[in-house]
Structure formats: C-alpha cells, structure tokens
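# Analysis of the macromolecular model
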Amino acid sequence: MKTSPALQAAVQTSPPAISSDLEVRIRKRFLNPEGSFNLNVHFRALAGFTIIFGASGAGKTTLLDCIAGLTDPDDGRIAVGGEDLYDSEKKQNVAAWKRRIGYVHQDLALFPHLTAEENVSYGLRALRSSERQTRSHQMLQAFRIEHLRDRHPAQISGGERQRVALARALVTEPRVLLLDEPLAALDRPTKSLLVGDLRQWNQHHRVPILFVTHNGEEVFALGDEVIVLDAGRIAAQGQPHEVMRAPRLETIAHLSGFENILDATVLALHEARGSMTCRLGNSPVELETPLVRAEVGSRLRVGVRAGDLLLATEQPHGLSARNILPGTIRRVVQRDVIVSAMVDCGGTEFEVHVTLAARDALGLGPGKKVWIVVKTHSCHLMGI
Amino acid sequence: MNWEAFWLTVRLAAIVSTLLIAIGIPIAYWLTYSRWRWKFLIEAAVALPIVLPPTVLGFYVLVALGTRSPLGRWWESLTGHTLAFTFEGLVIGSLLYSLPFAVQPFAASFGAVDRKLLGASASLGHSPLQTFRRIVLPLSKAGLVTGFALSFAHTLGEFGVVLMVGGNIPGVTRTISIDIYDQVQTANYSSANQTALLLLIISFFVMSIVYGVNRRPWTVGPWR
C-alpha cells in the first residue's frame, strides 16, 4: 500500500508508544431490539488489528463503550499494558477522559461547531498552541484533508468526514484504538486507502486496534486476529482464515454471507475480458472469476454464496455461466425449507443450497453425480 | 408616558436576566446530568413560579426579606436598611419569579446535545467541565439566547411580585406594569394605552428573537 510522504513525516516525529496489550474480561447486560442480552467476553488483544465481527445487535458497540469507559460493565476487568482501567473487585474505574483510548464512533461524532482542523486539534489540549498546530497540520496532511481544514463537518463529504474522525483520534496517540465500523460508508478505493493509512500508522505505534465490522470482506482485508461475537458471546476466535473458513460455523457463514470460502491461486489474467482464471486450493479445479488487481501466481480467497450456485444432473450446454464443474454429492442436509448439498469437486468441497422441490425432482442424494454452475460474477474475491 | 418607570423596568429586567445566566447555567447543568433519584423534586421546585400566583410567591419573598427572617437581618446588619420595598429586594423576587424561564430552555438545549459528542470529547481527554465549556455551551447558543430573552421579557411584565415585594415607590420600585395600573386607576386611558403598546411591541420583539434563533436548531449535523 502506497502512503503519502506526509504520513511518513508524521510517523517519524511522534515517539514510539510502548507496546501495551489490552485485556478484557467483562460482563454487561445490554438491550437490543430483540431483547436483553448478556455481553460476556474474555480476550486479550495484542498490538495490531483485532477484528470484532458480528451481526448488528451482537454487542459490539456495547463492548467498545465499556472499554472506552463510556459505559460501566456489570463486573470484570479491563486493563491496558497491565494497568487496570476497570476492576470490579478492586472497585477501580478510571474515568473515560483519563483512559487515553482513541474511539472512532460509528456516527463519527465530529463536533459540528468546529472546523476540521479544530476537530483534529481538539484532543491536543495539553500542548502549547504552536506544537498543537504543527501536530494537527501533520495529521491533516497525512490523511490528505489539509484543504478542508477550515470547513465544518456539514460542508465535507462522508469519506472526508471519516478521515477527519480518524485523524482526530490518532493525533492524540492513544494506547488503544477502538474503531466502530469506520469504513462502513466508504467506497472501495477510499476504503483501501484508509486501511493503508491505518496500517502505516500502526507499524510505528504498535497499539491494539479493535476494529468492529459486520462485513466479511473487511475481516480478510485487515485481520491479524478475529473475534466473532454472537449474542454477546465469543463464538470463535483466531486468524481470519481459520475462523472464517475451517469451522463451518453457521453464524460465521451467515455473517460473512459466504458459505463457500476457498483458497485460490491466480493462473492467468484476461484483461480484455475483465476476468481471470484461478485454481482452487491444490485441486485441478479451475474457476473463472472477475478480474482484480493481482499477479499471476498470487494467492487470493474466493467467496461464493451457496444460494448463487446451480446444480445439474446432466452436463449443461449453452449456458452463459463460465464455470461448470463436475462433482459428486457427499451429504445432503435439510434445514427448514433449504436443502444444503455438500458437493466434492476434485478435492474442493462446495456447499450448494437448493429447494426441497429441486432435491426431489432431481433425486439429489449422496453419491449422485452432478455439475455445479458458477457464474463469474458470483465469485467474490478477497485479499489475504 | 412615565419614562422613569420604563427605564427602571428595563434596568431590572436586564440585571435579572443577566444574573439568571450565571445562576441558571449551573442549575440547568445539574438538572441535565445528575442521576440523583429525587431530581424530579428539584425540577418541580424550579418550575413552581410558572404556576404559582405571583402574590403567593411575592408574599413568601416579602416574609423572607423582612427583618424577622435570618436573610433580612443579615442584609440589614450589612447595609443598614431592609431588603423589602427596595430595588435589590425587587431583583431577588424577580430572580425567583423568572428562574424557570431561564433554566428550562438552558436545560432543554444542554439535553439536546448528542451524548455521542460528549463521549467523543471524553475519549479525547477532556473532563466533563471542559467538555461542557467547549462542546455543550457553544452548541446551546440558541437555548442560552432563548432563556435570556424569555426571562428578560417575563421580568419586564411582572406585576404581582413587584407589588408585594417592592410596593409602588416612584423611581425605586414602580415598574412599568404598575404604572399602567395606576394610570387606569386614575382613568388616564391614553397614557395607559401608550405605555401598554410600548410593552406589547417590546415583548413581541423579544419573542421574535426567541423564535428566530430557534428556527434552525443545532443538531449533530445535517448529514445524519
């Protein structure tokens, strides 16, 4: 990821932070539209990105509010670098404004009566005004929002506001950074630019960054570690490709939206056609996918929704779909009115959803020979 | 037209509404952010002057300012004269009488400031008081202007409390509304009409300010 020279400068002038792990073990009752839940989590976040992944209402924002000190947990302990911020046993509770935890709220919460520059320098209250100005200028430059410095939040675009909010949190050099869906409203290029800025910043600062999202693709793009939160509990935890792929946890598939997440290697690029050919895992199966910026030989991950796949019992001809993969059904499971068929295609297993009527009409069952039809644009590519 | 009464009234209203900014802001702050379970009792007490007959309020203020009360005695030992039937006494009575007209708009506008902004300010290292000064107060401008204007207009037109506490001493406690009453009593209708019209125009002007500043309320931002 290319980053601006200004960011480099901003990074070099600020002293490196002492690496500080975040330890959280809390319980907290919270309400969401579906009723009352108990947030009950225990984890440790090291320097780097930790993704908090879960559906809305899973307790992600409540968790961040507790860590920031904006809400008190019912009991438990929160510590950064061994220093207690909250400990129900010791009756300790450091006030939010003394915690030095950066928090970018989902709604950004920019101060509407202050300009972009005043927003960014707001957290530098303790510094002399000349120093304050230098630091906020560097940050504005680093986030490419220098030209907006005199504008109010209402006068700038969504992506620019997001950058102001990030710059405002980062300039204070927090010990922990909490980001609540900070990329939700952004288009893809802006997203990856911001992610690059964040990574660059953290290479130098090395603080734990808790990154809340309900977008499965962001998990792969960012995560060193992912924690899956479901109804207030940790459903899974680990590296993205382990958690998101290996255990076919229903919540994860549901949350990421992709029942099939497959490792792939780029074999050939067809730039004129806007597509490329990938090999799945170590199998000989090849898949034509949309073209993304990648090199031949690079490894990617492909997500395919089980509902986007077609099954045929005879080899189909004359279809617009580019991928027709022969395979054998291993298992068929009925879940409510959806039938989920696990199909083995030369070593790669696909989950395919069909209706009850289709199962009966085609006589789908274990051992049946089938062809899977995959449209090129049903293949969603994710970086590793 | 009794200009002496007019300027006395304007001076009273200006002093009272200015003092109410200083007194009303801390009270409104407490009412907005306190989580005390009996807070509603204080809210009711602050709102009391809205419904209380001015004579009742004036009566208690008179008793409290009199030489038999500790406050009255303390003031007398300090200044050598009593508070009752003086301009200072009038100020104290009017402060109580107009208190809710300042506190309620203040508290409403403080409460309307998005809590997320307060959270953001705290995460950026600002104490609750610093946050109040730099975020809540600037975003409550309309409420502050409203509270100031309402308490000014309300003091301008008060009658019962003034009569009870101040009496009717020309140049000291005779306010414009009492002057109108006096003129009507002496059947001097054209003079009463002039004065009443002036009061009407001023009151309309003040209320226009109130509704003017509240035309576009502060929000977190139009993008939400």
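Now for a look at the structure at hand. Owing to the predicted nature of the structure, the values given are computational and were not obtained by experimental measurement.

## Looking at helix α6 (residues 115–123) of chain B
Within α6(B), 7 of the 9 residues are buried, which leaves the element mostly enclosed by the surrounding structure. Along α6(B), the positions that sit buried rather than exposed are B:Leu117, B:Leu118, B:Gly119, B:Ala120, B:Ser121, B:Ala122 and B:Ser123. Close packing links the buried residues of α6(B) with α2 (60–68), β7 (101–104) and α5 (158–170) of chain A together with α1 (3–33) and α7 (128–139) of chain B. Capping the start of α6(B) is the job of one residue whose side-chain oxygen sits 2.8 Å from the backbone nitrogen of B:Lys116: B:Asp114.

## Notes on the pairing of strand β11 (residues 233–238) of chain A
Residues and elements named next belong to chain A. Pairing geometry for strand β10 (residues 225–230) and β11, over 5 bridges, is antiparallel. Its bridge partner being in β11, Leu 229 is matched across the sheet by Ile 234. Between β10 and β11, which pair antiparallel and follow one another directly, the connecting turn spans 2 residues, one of which, Ala 231, has a positive phi of 50°.

## Some thoughts on the layout of surface pockets
Counted as a void, the second largest pocket has a volume near 860 Å³. Residue lining of the second largest pocket: 31 residues in total, with A:Leu70, B:Arg35, B:Arg115, B:Leu118 and B:Gly119 positioned closest to the centre. Taken together, the elements giving at least two residues each to the lining of the second largest pocket come down to α1, α6 and α7 of chain B. Of the residues forming the lining of the second largest pocket, the biggest block, 7 residues, is contributed by α6(B). Broken down by class, the residue content of the lining of the second largest pocket amounts to 15 nonpolar, 11 polar and 5 charged.

## Some thoughts on the environment of A:Lys91
Its location among the elements puts A:Lys91 in the loop between β5 (83–87) and β6 (92–93). Overall, A:Lys91 belongs to the exposed group, its relative accessible area being 76%.

## Digging into the side chain of A:Asn260
Residue and element names in this part refer to chain A. Locating Asn 260 in the fold gives a position in strand β12 (residues 260–270). Residue classification places Asn 260 among the buried positions, given a relative accessible area of 0%. From its side chain, Asn 260 meets the backbone nitrogen of Glu 351 in a polar contact 2.6 Å long. Ignoring sequence-local partners within four residues, the contact set of Asn 260 consists of Val 302, Gly 303, Val 304, Arg 305, Ala 306, Leu 309, Glu 349, Phe 350 and Glu 351.

## Regarding the interface of chain A and chain B
Taken residue by residue, the interface counts 22 residues in chain A and 24 residues in chain B. Summing both partners gives a buried area of about 2100 Å² for chain A against chain B, and 67% of it is carried by carbon and sulfur. Of all residues in chain A, the largest losses of buried area upon contact with chain B belong to A:Trp97, A:His113 and A:Tyr122, amounting jointly to 32% of the total for that side. In this assembly, chain A and chain B are joined by 1 salt bridge. A salt bridge links B:Lys116 to A:Asp107; its shortest N-O distance comes to 2.8 Å. Put simply, chain A and chain B have 5 residue pairs in polar contact (both at pLDDT 80 or more) between them. When its residues are assigned to classes, the side of chain A that touches chain B shows 14 nonpolar, 4 polar and 4 charged.

## Side note on the packing of aromatic side chains
The description of an aromatic ring pair rests on the distance of the ring centres and on the angle between the ring planes. The full count for this structure, using the stated rule, is 14 aromatic pairs over all chains. A centroid spacing of 6.5 Å and a plane angle of 20° characterise the contact between B:Phe148 and B:Phe152, whose relative ring orientation is stacked. Within this pair, B:Phe148 and its partner B:Phe152 are both found in helix α8 (residues 141–156), separated by 4 residues, close to a single helical turn. Residue classification places B:Phe152 among the buried positions, given a relative accessible area of 17%. Members of the aromatic cluster, each reached through a chain of ring pairs, are B:Tyr29, B:Tyr33, B:Phe110 and B:Phe132. Positioned above the aromatic ring of A:Phe111 is the side chain of A:Arg168, whose terminal nitrogen or guanidinium carbon lies 4.6 Å from the ring centre. The ring of A:Trp371 carries the charged tip of A:Lys369 above its face, separated from the ring centre by 5.4 Å.

## Side note on the packing of α5(A) against helix α6 (residues 188–205) of chain A
When two helices pack together, their arrangement is given by the angle between their axes and by how far apart the axes lie. Residue and element names in this part refer to chain A. Their axes nearest at 12 Å, the elements α5 and α6 cross at an angle of 5°. It follows from the interaxial angle that α5 and α6 lie roughly parallel. Each of Arg 163, Leu 166 and Leu 170 in α5 lies in contact with α6, whose residues at this interface are Thr 190, Leu 194, Leu 198 and Trp 201. When grouped by side-chain class, the residues that make up the contact of α5 with α6 number 5 nonpolar, 1 polar and 1 charged.

Calculation notes
Residues numbered from 1 in each chain as written. Chains lettered and ligands numbered in written order. Predicted model: local features only at pLDDT ≥ 70, side-chain atom pairs only at ≥ 80, totals over all residues. Heavy atoms only, no water. Buried < 20%, exposed > 50% of the residue type's maximum accessible area, 1.4 Å probe, protein only. Helix = DSSP H or I, 4+ residues; strand = E, 2+ residues; numbered from the N terminus. Contact = heavy atoms within 4.5 Å. Polar contact = N/O pair within 3.5 Å; in protein donor to acceptor, adjacent residues only side chain to side chain. Pairing = 2+ DSSP bridges. 1 Å grid on protein atoms, 1.4 Å probe; cavity = no way out; pocket = protein on both sides within 12 Å on 5 of 7 lines; lining within 4 Å. Points joined across faces, edges and corners; volume = space filled by probe spheres on them. Nonpolar A, V, L, I, M, F, W, Y, C, P; charged D, E, K, R; others polar. Buried area = accessible area lost by both parts, 1.4 Å probe. Salt bridge = Lys/Arg side-chain N within 4 Å of Asp/Glu carboxyl O. Phe/Tyr/Trp six-rings, centres within 6.5 Å; stacked < 30°, edge-to-face > 60°. Lys NZ or Arg CZ within 6 Å of the ring centre and 35° of its normal. Axes fitted to C-alpha atoms, helices over the stretch in contact; angles between N-to-C directions. Parallel < 35°, antiparallel > 145°, perpendicular 65-115°, else oblique.

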